[in-house]
Amino acid sequence: MRVMRRIALAAALTAMTAGAATAATRIDFFFPVPVDGALAKEMQNLVARFNQENPDIEVTAAYTGTYDETDIKTRAAIKAGKPPAVALMSANFITQYHIDDLVEAFDPLVRAEGKAPEEFMDGFWPALVGNARVDGGIYGVPFQNSTPLLYYNVDAFKEAGLDPDRPPVTWADWLEDARKLTRREGDKTTRYGIMLPGTYDILGWTMSALTLSNGGQYYNPDWGGEIYYDKPSTVGALTFVDDLVHKFKVMPEGTIQTPAMNNAFFGGQVAMIVSSTGSLSFIRQNMKVPFKVAFIPRNVRNAVPIGGASLIIPKGNSKERQEAAWKLVKWLTSPTVSGGWSRFTGYFAPVKAAYELPEMKDFIDKNPDAKVALEQLAFAKPWFATYNTVAVRKALEDEVQAMLSGKKTPAEAAKAAQANADALLKPYVDATALNLPK
Amino acid sequence: MRIAFPPTSRRALPLLAVACLCGLALVWSTPLWWMLVACVRTIPYGSTQAASLVPDLHPTAEHFVDAFAQGDFARWYLNTLIVTLGILMVQLVTITLAGYAFARMEFRGRNLLFYLFLLQLTLAPPILIVPNTLMIVRLGLYDSLPGVMAPYFASAFGVFLMRQTFKTIPRDFEEAAILDGANFAQMIRLVLVPLARPGLIAFSIVSLTSHWNEFLWPLMVTDSPDKMVLTVGLTSFVRSAEQAADWGLVAAATLLVAGPLLIAFALFQRQFVNSFLFTGIK
């Protein structure tokens, strides 16, 4: 009896080890699609290519909805003990993942290859480092990134007597152009000068772009407990937007849904919009009349936040899975793959070396709008990230929406947003900066 | 389609009420009409034509071609059918038995237990995502269709509905069945279930539509593309937070999701209406 059991055990063990030697490491990869459905398919193609090139790893790519849904799913999966090996996460969520201790640092993986973490990060555009490194460790590897851009209709510029080669540079130019571009017939406005997107997430992003252009910092980039909603730089930005709507009437009142804004731009019902560089390919493909892009105009300085997503390795993965994940991350951020994804989507490639490739140089030559997006990168800053980022972001967005519909003044909106955000940040502030020696 | 009103009361129905009902029907059916018109029309981005309700003279199938080229519809329909029907089968058994227990059986803490059951209705489902995922992983059902179904096997709403339904059935039926020599299982199956059919049908409609349309939970608990249900599959290419809406594709996709339910409702309309009249749900 005992002998039999031993033989069975030995047989089972041999079978198991043999299995491990031949079977590929199976890992899963969560990816959201915030921009365009065609990207989901392209991502599956990319992963299929990776699987072919790496027979020892088998990646399952799981579509996980929007950035917010991907966050919920990833957190639930980690808590349930089934973390994905890699997740593509909105770049400004990474601080929170680190605070909650849910994400692995990349530093040991980088060092294991004989590289210094600094050297690894040097391969990426400097503006991206702020959101990837938290408390000195690398917790995210940038994959697809964007900045806000000003898109404008060339025909509308000509019709209004403006030079389409000289887009607005300062807020004063911007307002003046918008007033000339706004076309009214009686009480009805048939073309608005400007539209800013009002949908959650991109609204907060746009407001931070205007605040940065107004000389502000928006948040404390070194510590997740502070946000500057009631500072002059933010109040100034809010007032500027409110004036566009209520004083100068060059922008429609109320919350503008992003798809509706893009539709209005295609249809010529608005002359200038602020949208992500990530929409560049989409707009290029669908805009029937000529358009151009330009930097976001400045009041004090040229500055925009980055957006987009980074790859993370959640905690709770075995050593073997981590190494397979690291291979996938390196492959996805290699210059060739990164450049290809950039050309397909319109996001810029986070890896500097991607732009040294001949196919990329060719692409930039043929698409001057992509070049503008690339040049604006020199003025890019990290994306705001705090404790409880999403709720803190919504605290401002709700107030801005109230302001846009004429229910609040900019000063009231800023004050209320600050109070709400402070309440949301309090637990973290109490646990860190106000946690003093007793 | 036959009209349920007898001729006399129909004549007596004031004209005004008919006009009101027609107005309501118009409001209700306009989006459906738009969907039918838009799904076969070429709509350039930014065109105001997108909102038009007048059908085009040159219908196009491009949106459906697009949709089918991008999605694995056979798989998605099959998965959705398995999930919705699977949930319903189990639910019909559990709610009948639990409903009977709460309606007829005497045991200590019955009311307390029943109210605890009802409390579940007040919870917003997203709160349960983490604990449910945890349980599904422990059961080894993560990334499987049974994992999508499991949390719904018991339904507080269904138990409540069946309890109320059983309470409206006079006890005499059960007593007669027992006297005739039926055992407990036979009594439920042959006497009570047929009498409670309207309640079961009403519940089935609610259950089928809500699980057919469900998005968040299947997204949370499945990873593999071959486990995708219809709603998740469609959003993977139709949804576009940052982009302009491709209205033709949106309309075609909506029709593909809603179509089967609409057809089923049209086919079984009379039974549905009767069951609602019987249960008093309107």
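Residues numbered from 1 in each chain as written. Chains lettered and ligands numbered in written order. Predicted model: local features only at pLDDT ≥ 70, side-chain atom pairs only at ≥ 80, totals over all residues.

A separate point is the overall build of chain B. Summing up its helical and strand segments, chain B has 15 helices and zero strands in all. Residue pairs at least 24 apart in sequence account for 75% of intrachain contacts in chain B once pairs closer than 6 positions are excluded. (Helix = DSSP H or I, 4+ residues; strand = E, 2+ residues; numbered from the N terminus. Contact = placed C-beta atoms within 7 Å.)

Moving on: the pairing of strand β10 (residues 270-276) of chain A. All names here are of chain A. Buried residues dominate β10, accounting for seven of its seven residues. The sheet contact formed by strand β7 (residues 148-153) and β10 spans five bridges and is antiparallel. By the bridge assignment for β10, P148 is matched with S276. Across three bridges, the pairing between strand β9 (residues 188-195) and β10 is parallel. Bridge pairing in β10 links M195 to I273. (Buried ≥ 20, exposed ≤ 12 C-beta atoms within 10 Å, placed from the backbone. Pairing = 2+ DSSP bridges.)

Attention now moves to the domain arrangement of chain A. All names here are of chain A. For chain A, the assigned domains are domain 1 (25-145 + 307-381) and domain 2 (148-305 + 385-431). Domain 1 and domain 2 are separated by 27 Å when their C-alpha centres are compared. Taken together, the contact pairs 25 residues of domain 1 with 27 residues of domain 2. Secondary structure elements with two or more residues in the side of domain 1 that touches domain 2: α4 (94-99), α7 (126-132), β13 (307-312), α17 (368-376) and β14 (380-381). At five residues, α17 tops the list of elements feeding residues into the side of domain 1 that touches domain 2. Tallied by class, the residues present in the side of domain 1 that touches domain 2 amount to 11 nonpolar, 10 polar and four charged. (Domains from an automatic or database assignment. Nonpolar A, V, L, I, M, F, W, Y, C, P; charged D, E, K, R; others polar.)

Now for the nonpolar core. Nonpolar side chains in soluble globular proteins tend to be buried together. Residues and elements named next belong to chain A. Of all hydrophobic cores here, the largest spans 126 residues; its most connected members are F29, I94, Y151, M195 and M272. Per element, the largest residue contribution to this core is seven residues, and it comes from helix α10 (residues 202-213). Of the residues that make up this core, three or more belong to each of domain 1 (25-145 + 307-381) and domain 2 (148-305 + 385-431). (Core = buried A, V, L, I, M, F, W, Y, C linked by C-beta atoms within 7 Å.)

It is worth spelling out the sheet that holds strand β8 (residues 183-185) of chain A at this point. Residues and elements named next belong to chain A. Read across the sheet, five strands follow the order β8-β9-β10-β7-β11 without closing on themselves; strand pairing throughout is mixed. Of all the strands in the sheet, the pair left with one neighbour each is β8 and β11 (291-294). Within this sheet the neighbouring strands show an average axis-to-axis angle of 25 degrees, counted without direction. Running at roughly 140 degrees to β10, helix α12 (residues 258-267) makes contact with β7, β9 and β10 of the sheet. (Axes fitted to C-alpha atoms, helices over the stretch in contact; angles between N-to-C directions.)

All names here are of chain A. If you walk across this open sheet you meet the five strands as β2-β1-β3-β13-β6, and the pairing is mixed. Because the sheet does not close on itself, it has two edges, and the strands there are β2 (57-63) and β6 (141-146). Strand after strand, the sheet turns through a mean of 20 degrees between neighbouring axes, direction not considered. On top of the sheet, helix α3 (residues 67-79) reaches β1 (25-31), β3 (86-90) and β13; it is set at about 135 degrees to β3, its chief contact.

I129, T133 and I136 of chain B are the residues of helix α6 (residues 129-138) of chain B that are buried. Down the axis of α6 of chain B, the sector holding all buried residues measures 65 degrees, keeping them to one side. Contact partners of the buried residues in α6 of chain B: α3 of chain A together with α7 (145-149) and α12 (216-221) of chain B. (Arc of directions from axis to C-beta.)

Residue and element names in this part refer to chain A. The terminal C-alpha atoms of α10, which comprises 12 residues, lie 16 Å apart, in line with the 16 Å expected from a rise of 1.5 Å per residue. α10 sits mainly inside the fold: 12 of its 12 residues count as buried. All of the buried residues along α10 are I202, L203, G204, W205, T206, M207, S208, A209, L210, T211, L212 and S213. Once α10 ends, the next one or two residues include G215, with phi positive near 90 degrees. (Expected span 1.5 Å × (residues − 1).)

Next up on the list: the environment of G130 of chain A. Residue and element names in this part refer to chain A. Counting through the fold element by element, G130 comes out in helix α7. A C-alpha to C-alpha distance of 23 Å links G130 and Q418, two positions 288 residues apart in sequence. Ignoring anything within four residues of it in the chain, the contact list for G130 reads P221 and P382.

The subject of this paragraph is the confidence of the model for chain A. The predicted model of chain A has a mean per-residue pLDDT of 90, with 94% of residues at 70 or higher. Low pLDDT, under 50, characterises residues 11-21 of chain A; the predicted model gives this stretch zero contacts beyond four residues in sequence or across chains. (pLDDT = per-residue confidence, 0-100.)

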